[in-house]
Amino acid sequence: MLMQFSRRRLLQNTAAGFGSLALASLLADEARGASGSAASLLTSPHFPPKAKRVIFLFMKGGPSHMDTFDHKPQLQKDDGKPLPFEKPRVQFAPTSNLLASPWKFKQYGESGIAVSELFPHVAECVDDLCIINSLHGTNPAHGGASMKLHTGSDVFVRPSMGSWVTYGLGTENQNLPGFITICPTLAHGGTKNWGSAFLPASVSGTPIGNASQSSDQARVKYVENARLSLDAQRMQLDLTQSMNRGFLETTGPDSDLEARIQSFELAFRMQTEMPEVLDLEAETEATHKLYGIDNETTADFGRQCLMARRFAERGVRFVQVTHSNTEVQWDQHGNLRKGHAQNAAEVDLPIAGLLKDLKTRGLLDDTLVLWGGEFGRTPTCQGSGQDGRDHNPEGFTMWMAGAGLKTGIQYGATDEYGYYAVENKVHLHDLHATMLHLLGLDHERLTYRHAGRDFRLTDVAGKVVHDIFA
C-alpha cells in the first residue's frame, strides 16, 4: 500500500531527522527576519514622526535641472563654449559644448527663488518648497538609475522605498493597500520599482493602471462583483481561507501564502472603499479646474494627482504618481525645447493644484511630497540639431514639500554650469534616510534579515540631512 507523507514528516523520518533540524533553522531565521513586521511597528515608530505619508511625483526620464529649478547664469553667458573642466569618466553618450537654457528664470515668492518659465504654476508655491540642488547618484542609464532611486540598488533586486515605508508603518486604512502606484511605467525596472522583493508580499505596491493607458481608464480590476452579494462572498472567502490556513499548519511559515491570505481579505474590504476613492466625479467643478482636469493638456496627470490626494487623505501610506508620456517622456537627447515644454505643460498645473489642495485641507502638515526623476541632464549639448542634453547622475535637483521641512529654501548646489554636485552633496541614500526620518523611522534600524544578513533601504550608507528640517 502506497503511503503518503507530508514534506515535514518526510524530513523528520529520513537522514536521522537532520533535514527537519535544517528546516527548523531556516524557519527560525525567517521568523527573526519578520520580527519587525508592519504590525509591530504600526503604533510605535522609532521616534515621533513629522510626516504620516508620502506622495512621490516621479518624472520618468530625467528632467533637466538647469532648465527647471537650478538657475545657472554662467551657463547662459558661456553658451556654445567648451566645458572648462573634465567630464565624468563614465558617460552615457558623447556630448559637445555648453548649451544655455532656452527658458528664462524669474524670482518668485518671499524667498525670491528663481524658477524657470516652464513651471509658472509650481513657482507660485515656491515658498512651500525645499529644493535640493545637490542630488547625485551612481548610474547614467535609465534602468539602473530608476532602480537606484526606487530601491536603493541599481544592480540587485531590492524592496522599493514604498514597500519599506509600508513594512515599517503599515497602513492607516485597513480597507485600502498601504502602497499604491498610479499609472506606473512598465519599463526600466518595471514592477521591481514598486515590488517588495524579499519583504512580505503584502507590502508590495498595488498598481492602478499603467503608463500606457489614460488615467481615466486606471482602475482596480474586479473590485466589484455584480453576481454575488457581500454575504455570499464572505462565505466563499471564509472557506478558502480555512483551507489555506490548514495548509499552513502542515507546511509551516510561508510568506507568499500568508501574503495571499492577507490579500484576499484586503480585496474583500476594498470593495467598500476603492470604487468611491476612484470616483472623481464626486469632486467639485472648482477642484477639477484646480487640477487641470478640465483641460486636455493637463487632464491626464491632473486625474492622477487628484487620485493621489484622495488616497492620501484616506490613510494610504505611500502613493506614487508617475508622469511617463510614452512618446516624449523627459528624456530629451534631442528636441529639448519641444519635449520639455510639452512635459512641463502637462504636469505644472496639476502639481501646483495638488500642493494648494493639500495645504488648504491641512494635509500638507503631515504629508511629505517628493518630486523628481532618476537623474538630471548635462549642461553640454547632445544631438545633431544641437538641441538636446544627455543623462547626468553627477548632479541634479529634486524638491520636497510638507511635513517637518524648512520652506522656501534651496539646499546644496551644483557647479556654475550644473554638471557636478559640489556643495552640501546629497546622495540618493541620504535622500532615503531623510525621508524615513521624517516618517519617524531610523534608516539604520529599519532592517530585514534575508539570506543571512540584515538589509535596509540605504544599504550600508545614508546620512539624514538634518539641515533641511524646520
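Higher on the page you've got the structure.
Residues numbered from 1 in each chain as written. Predicted model: local features only at pLDDT ≥ 70, side-chain atom pairs only at ≥ 80, totals over all residues. Heavy atoms only, no water.

Caption draft 1: Representation of unusual backbone geometry in the model. Not every positive phi belongs to a glycine, and His 188 is a case in point at roughly 50°. Its location among the elements puts His 188 in the loop between β5 (179-182) and β6 (206-208). (Helix = DSSP H or I, 4+ residues; strand = E, 2+ residues; numbered from the N terminus.)

Caption draft 2: Spotlight on the nonpolar core. If you look at the biggest cluster of nonpolar residues, it comprises 59 residues, and the most contacted ones within it are Leu 57, Phe 119, Ile 182, Met 274, Phe 311, Ile 351 and Trp 399. Tallying contributions element by element places helix α13 (residues 336-360) first for this core, with eight residues. Apart from the residues lying within four places of it in its own chain, the contact partners of Phe 119 are Thr 68, Phe 69, Trp 330, Ala 344, Val 347, Asp 348 and Trp 371. Grouped together as the second largest cluster of nonpolar side chains are 42 residues, Val 54, Leu 135, Tyr 167 and Phe 198 included. (Core = buried A, V, L, I, M, F, W, Y, C linked by side-chain atoms within 4.5 Å. Buried < 20%, exposed > 50% of the residue type's maximum accessible area, 1.4 Å probe, protein only. Contact = heavy atoms within 4.5 Å.)

Caption draft 3: Representation of the environment of Asn 424. With respect to the helices and strands, the residue Asn 424 is situated in the loop between β14 (421-423) and β15 (426-427). Classification of Asn 424 by relative accessible area gives partly exposed; the value is 38%. Those residues in contact with Asn 424, other than ones at most four positions away along the chain, are Ser 134, Tyr 411 and Gly 412.

Caption draft 4: Quick peek at the packing of helix α12 (residues 299-313) against α13. Where α12 contacts α13, the axes come no closer than 8 Å and their chain directions differ by 20°. One element, α12, and the other, α13, form an angle in the roughly parallel class. α12 and α13 meet at a crossing whose hand is right-handed. Residues Phe 301, Gly 302, Cys 305 and Arg 309 of α12 pack against Glu 346, Val 347, Pro 350, Ile 351, Leu 354, Asp 357 and Leu 358 of α13. (Axes fitted to C-alpha atoms, helices over the stretch in contact; angles between N-to-C directions. Parallel < 35°, antiparallel > 145°, perpendicular 65-115°, else oblique. Left-handed = near helix turned anticlockwise from the far one by under 90°.)

Caption draft 5: The arrangement of the layout of surface pockets in detail. Of the voids in this model, the second largest pocket is the one considered here, and its volume is about 300 Å³. Forming the boundary of the second largest pocket are 17 residues, of which Ala 211, Gln 213, Asp 300, Ser 324 and Asn 325 lie nearest the centre. When residues in the lining of the second largest pocket are grouped by element, the largest group, three residues, is from α12. When the residues that make up the lining of the second largest pocket are grouped by side-chain class, the tally is three nonpolar, 11 polar and three charged. (1 Å grid on protein atoms, 1.4 Å probe; cavity = no way out; pocket = protein on both sides within 12 Å on 5 of 7 lines; lining within 4 Å. Points joined across faces, edges and corners; volume = space filled by probe spheres on them. Nonpolar A, V, L, I, M, F, W, Y, C, P; charged D, E, K, R; others polar.)

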